[in-house]
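Remarks on the overall topology
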Amino acid sequence: MVTEDKPKITDSEWEVMRVVWTLRQATSKDICEVLQVKKDWKQSTTKTFIGRLVKKGMLNTRSEGKRFLYTAVVNEDESLKAAKESFLDNVCNKQVGKTITKMIAEATLTHEDIRLLEDMIAEKKKEAVDDITCNCVPGQCKCKMHC
Ligand SMILES: [Zn+2]
């Protein structure tokens, strides 16, 4: 079942998706093995998350002999984009820049990553604005109090 509105997935379900994205197709045994190591989840726990993802339409399943193979319905890039957008939707427009800066400050980056960031920032400088309008309702954001 495909709906226009992409279903939200939890952090736990994200762990399962990462395994499927990495392996491209995975049996529940493959997924359980990885998450047993990473999260110490029991098979039944991992299988519950797999079942939810199938229900949400995030995983496809097909049988091959005795086993079931899972594949991802959406790719990792699309999902990351959706997750990033919904994350920044929860922040005041005025705070987006500071939030991104904080995320970069906390990330471990390669020299190549930093080169990419520098190029992108040089481009951004050309279209920088002096002020950004707050998009919040009063009571959910401090900037409404002093404007
Ligand atoms: Zn605001």
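It should be emphasised that the depicted structure is a prediction, and the values quoted were computed from it without experimental measurement.

Bringing the pairing of strand 2 (residues 59-64) into the picture now. As paired strands, strand 2 and strand 3 (residues 67-72) are joined by six bridges and run antiparallel to one another. Paired with Asn 60 across the strands is Thr 71, a residue of strand 3. In this antiparallel pair of consecutive strands, strand 2 and strand 3, the connection spans two residues, and Gly 65 shows a positive phi of 65°.

What the domain assignment reports for the protein is domain 1 (11-72) and domain 2 (91-147). Computed from C-alpha coordinates alone, the two centres of domain 1 and domain 2 are separated by 35 Å.

Remark: helix 2 (residues 28-39) packs on helix 3 (residues 43-55), axes separated minimally by 9 Å, with the N-to-C direction vectors making an angle of 120°. When the axes of helix 2 and helix 3 are compared, the pair comes out oblique. Judged by the twist between their axes, the crossing of helix 2 over helix 3 is right-handed. The segment helix 2 lies against helix 3, with Ser 28, Ile 31, Cys 32 and Leu 35 engaging Gln 43, Thr 46, Lys 47 and Ile 50. In terms of residue class, the contact of helix 2 with helix 3 is built from four nonpolar, three polar and one charged.

Scoring rules and cut-offs
Residues numbered from 1 in each chain as written. Predicted model: local features only at pLDDT ≥ 70, side-chain atom pairs only at ≥ 80, totals over all residues. Heavy atoms only, no water. Pairing = 2+ DSSP bridges. Helix = DSSP H or I, 4+ residues; strand = E, 2+ residues; numbered from the N terminus. Domains from an automatic or database assignment. Axes fitted to C-alpha atoms, helices over the stretch in contact; angles between N-to-C directions. Parallel < 35°, antiparallel > 145°, perpendicular 65-115°, else oblique. Left-handed = near helix turned anticlockwise from the far one by under 90°. Contact = heavy atoms within 4.5 Å. Nonpolar A, V, L, I, M, F, W, Y, C, P; charged D, E, K, R; others polar.

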